[in-house]
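This is what each chain is made of:
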Amino acid sequence: MAGGAMAGAGDSIRALLRAANALLQQRRYRAALAVIKGFRNGAVYGAKIRAPHALVMTFLFKSGSLREKLKSIAQATYAHSRNLAYFVFTYKGLLAAQSRLQGKKIPFHTFLAACIGGWLVFGDNNPINSQIIMYLLSRILFGLSRLAVEKGYIPQPKQDPFPLVAALVWGTVLWLFEYHRETLQPSLQSSMTYLYEDSEVWHDLSDFLIYNKRTDSK
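Report on the accompanying structure. (Residues numbered from 1 in each chain as written. Predicted model: local features only at pLDDT ≥ 70, side-chain atom pairs only at ≥ 80, totals over all residues. Heavy atoms only, no water.)

### Here's the deal with the overall build of the protein chain
Along its length, the protein chain carries eight helices and zero strands. Its C-alpha atoms give the protein chain principal-axis dimensions of about 75 × 65 × 30 Å. The 218 residues of the protein chain split such that 20% are buried. Long-range contacts, defined here as pairs at least 24 residues apart, represent 45% of the contacts in the protein chain between residues at least 6 apart. Within the structure as shown, the protein chain displays about 16,700 Å² of accessible surface, and the carbon and sulfur contribution to it stands at 65%. When the 26 basic and 13 acidic side-chain charges of the protein chain are each reduced to a single mean position, those positions are 21 Å apart. (Helix = DSSP H or I, 4+ residues; strand = E, 2+ residues; numbered from the N terminus. Buried < 20%, exposed > 50% of the residue type's maximum accessible area, 1.4 Å probe, protein only. Contact = heavy atoms within 4.5 Å. Areas by Shrake-Rupley, 256 points an atom, 1.4 Å probe, with all protein chains shown as cover. Lys, Arg positive; Asp, Glu negative; His and termini not counted. Charge placed at Lys NZ, Arg CZ, Asp CG, Glu CD.)

Pasting the structure below:
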């Protein structure tokens, strides 16, 4: 009798899976299903990107108990994962709605949907959102520069401009760090403090080569 019940449950699960797979193949639901999968991918990608970053940064630069550090990592991972999931859901939903209303997709739909999603999801000025926006901004500047050359708005450089860009970026960021530190993002301040200031402090071989800072009271 128990075996029959288990077999019946198995048949029900298989039937449910077949129905779900059939639904996924329905073209009329494709836009809505893409929004749902976009939410899923945003959540997964956000967690995959933030978790290792938060792990490294927390254990390198933050003090506190192991419980507090793990809590900080979990909170940062959740925030990044949630925000990216919400953004992809909002963006793809608005994109689908505009295409349905106008009967076709045009470039402005992309810009408008992303603007609204960015305002709603990433408009809160907090450390996680700040890092994401700065990450995107740097890539936008490179992308727009390449697009300007491609469209002929600016001439093709005769030499690779990257060495000059690298020099200006490093020169500017170190100048800001040394003389206007408060203008830099906190995690960048921590990284640069570790690299450029902590490297000037030591007492013996232990905190010269093995550790960054002494943990005892010697």
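### A few points about the pattern of salt bridges
What the rule picks out here adds up to one salt bridge. Across the pair Glu197 and Arg181 runs a salt bridge whose closest N-O atoms are separated by 2.4 Å. Of the two residues, Glu197 sits in helix H7 (residues 186-197) while Arg181 sits in the loop between helix H6 (162-179) and H7, which places them 16 residues apart along the sequence. Using a relative accessible area of 24% as the deciding quantity, one classes Arg181 as partly exposed. (Salt bridge = Lys/Arg side-chain N within 4 Å of Asp/Glu carboxyl O.)

### Notes on the environment of Ala96
Looking at where Ala96 falls in the secondary structure, it is placed in helix H3 (residues 66-102). By relative accessible area, which is 26% here, Ala96 ends up partly exposed. Between the C-alpha atoms of Ala96 and Glu178, which are 82 residues apart in sequence, the distance is 48 Å.

### Considerations on the packing of aromatic side chains
With the rule as written, the count across this model stands at eight aromatic pairs. For the ring pair Phe39 and Tyr86, a centre distance of 6.2 Å and an interplane angle of 35° mean the geometry is tilted. Taken together, the positions of Phe39 in helix H2 (residues 30-61) and Tyr86 in helix H3 put the pair 47 residues apart, joining distant regions of the chain. For Phe39, a relative accessible area of 34% gives the class partly exposed. Looking at Tyr86, the relative accessible area reads 42%, which means it is partly exposed. Between Phe87 and Phe122, the aromatic rings sit 5.7 Å apart at their centres with planes inclined by 55°, giving tilted as the arrangement. With Phe87 in helix H3 and Phe122 in helix H4 (residues 107-122), the pair connects residues that are 35 residues apart, well separated along the chain. For the pair shown, Phe87 and Phe122 are each scored as buried. Sitting above the plane of the Tyr135 ring, Arg139 keeps its charged end 3.7 Å from the centroid. Over the aromatic face of Phe177 sits the side chain of Arg181, whose NZ or CZ is 4.0 Å from the ring centroid. (Phe/Tyr/Trp six-rings, centres within 6.5 Å; stacked < 30°, edge-to-face > 60°. Lys NZ or Arg CZ within 6 Å of the ring centre and 35° of its normal.)

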